[in-house]
Amino acid sequence: TPRLTVLQPGMAFRRFALEPAAAIAPDMTHPILGWTVGELLQRLDSAAPYVALLGPPGSGKTALAQRLAASLAGKFLADPAAVNREADAAVQPSRRSESCPAQSRLATHEHCLRARCQQLAALSPEAATPPIVSDYFVDQCLVYAELALESGPFREFCDLYRAATAQLVLPKLLVVTDT
């Protein structure tokens, strides 16, 4: 109701909030996510031990991800798209210009998406693996593409994105860094 305030805004990611809620009302739908409490708890139980960090360039996310992976005795996944500095520069918002043709920008974004998806496709929610920590989140591809592409190429990119990410393991935890 409009008078009810959920005291735990991050309840969708917290077992101590989900377990009692699922015991009482497993079919209750989260008002923002649209998932039932039972589905959210199942997702928490079945998610791979994968943490993704994201943030603006220069925010320290790569160093933090490396330290976190080491402290968890886990595996660090470096953003494969950031290895190619030319591609990295092309995804910056300022690249929506006449000096870089639209098809070239689209190809760059497709390349970045494929590289990230190829790396993440090896993750399995069923496998008992050490924790995985990445310094990127695949959904960043959408944000950069929307900033850099015109509406037609962006729609084309969205279709590719949906197909490429449909079977990917999602992170159990997403950490957003700031400058």
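Provided above is the structure to which this section pertains.
Residues numbered from 1 in each chain as written. Predicted model: local features only at pLDDT ≥ 70, side-chain atom pairs only at ≥ 80, totals over all residues. Heavy atoms only, no water.

### As for the sheet that holds strand β3 (residues 132-134)
Across the sheet, which stays open at both edges, the four strands sit in the order β2-β3-β1-β4 with parallel pairing between neighbours. Edge positions in the open sheet fall to β2 (75-77) and β4 (173-176), since each of these has one partner strand only. Each strand of the sheet is rotated relative to its neighbour by a mean of 20°, with strand direction disregarded. Here four bridges tie strand β1 (residues 50-54) to β4, and the two strands are oriented parallel to one another. Bridging across to β4, Leu54 finds its partner in Val176. Contacts from helix α3 (residues 61-71) reach β1, β2 and β3, with the element oriented near 160° to β1. (Pairing = 2+ DSSP bridges. Helix = DSSP H or I, 4+ residues; strand = E, 2+ residues; numbered from the N terminus. Axes fitted to C-alpha atoms, helices over the stretch in contact; angles between N-to-C directions. Contact = heavy atoms within 4.5 Å.)

### Digging into the pairing of β1
Of all five residues in β1, five are buried, a share of seventy percent or more. The two faces of β1 match: Tyr50, Ala52 and Leu54 on one face and Val51 and Leu53 on the other face are all buried. Where β1 lies against β3, three bridges are found, and the strand directions are parallel. When the sheet's bridge partners are listed, Ala52 is paired in β3 with Ser134. (Buried < 20%, exposed > 50% of the residue type's maximum accessible area, 1.4 Å probe, protein only.)

### Points about the side chain of Gln140
By secondary structure assignment, the location of Gln140 is in helix α6 (residues 140-148). On the accessibility criterion, Gln140 (10% relative accessible area) is buried. At 2.7 Å, the side chain of Gln140 forms a polar contact with the backbone nitrogen of Phe137. Residue contacts for Gln140: discarding those within four places in its chain leaves Leu54, Gly55 and Arg116. (Polar contact = N/O pair within 3.5 Å; in protein donor to acceptor, adjacent residues only side chain to side chain.)

### Describing helix α5 (residues 102-120)
For an α-helix the count is 3.6 residues per turn, leaving residues at separations of three or four pointing the same way. An ideal rise of 1.5 Å per residue puts 27 Å on 19 residues; α5 measures up with 27 Å between its terminal C-alpha atoms. For α5, the complete set of buried residues consists of Arg105, Leu106, Thr108, His109, Glu110, Cys112, Leu113, Ala115, Arg116, Cys117 and Leu120. (Expected span 1.5 Å × (residues − 1).)

### A short note on α3
Looking only at α3, the buried set comprises Lys61, Ala65 and Ala69. The arc that holds every buried residue of α3, seen down its axis, measures 70°, which confines them to one face. Those residues of α3 that are exposed and aimed more than 90 degrees away from the buried face are Arg67, Ala70 and Ser71. Residues of α3 that are buried make contact with β1, β2 and β3. (Arc of directions from axis to C-beta.)

### A word on the state of the cysteines
Within the structure shown, the criterion is met by zero disulfides. Residue Cys112 stays outside any disulfide, its sulfur separated by 6.6 Å from that of Cys141, the closest cysteine. (Disulfide = S-S within 2.5 Å.)

### A look at the packing of α6 against helix α7 (residues 151-165)
Two elements in contact, α6 and α7, have axes separated by 10 Å at closest approach and are oriented at 170°. Here α6 is positioned roughly antiparallel relative to α7, judged by the angle of their axes. On α7, the residues touching Cys141, Leu142, Ala145 and Glu146 of α6 are Phe154, Phe157, Cys158 and Tyr161. (Parallel < 35°, antiparallel > 145°, perpendicular 65-115°, else oblique.)

### Details of the pattern of salt bridges
When the charged atoms of two side chains lie near each other, side chains of opposite charge can form a pair. Tallied over the full model, the rule gives five salt bridges. Arg116 is paired through a salt bridge with Asp79; the nearest N and O atoms lie 2.6 Å apart. In this pair, Arg116 sits in helix α5 while Asp79 sits in the loop between β2 and α4 (85-90), placing the two residues 37 residues apart along the sequence. The two residues Arg116 and Asp79 agree in class, both being buried. Residues Glu110 and Arg114 are paired through a salt bridge, measuring 3.9 Å at the closest nitrogen-oxygen approach. Residue Glu110 and its partner Arg114 are both found in helix α5; the two are separated by four residues, about one turn of the helix. Given a relative accessible area of 17%, Glu110 falls into the buried group. Salt bridges sharing common partners tie together Arg15, Glu19 and Asp45. (Salt bridge = Lys/Arg side-chain N within 4 Å of Asp/Glu carboxyl O.)

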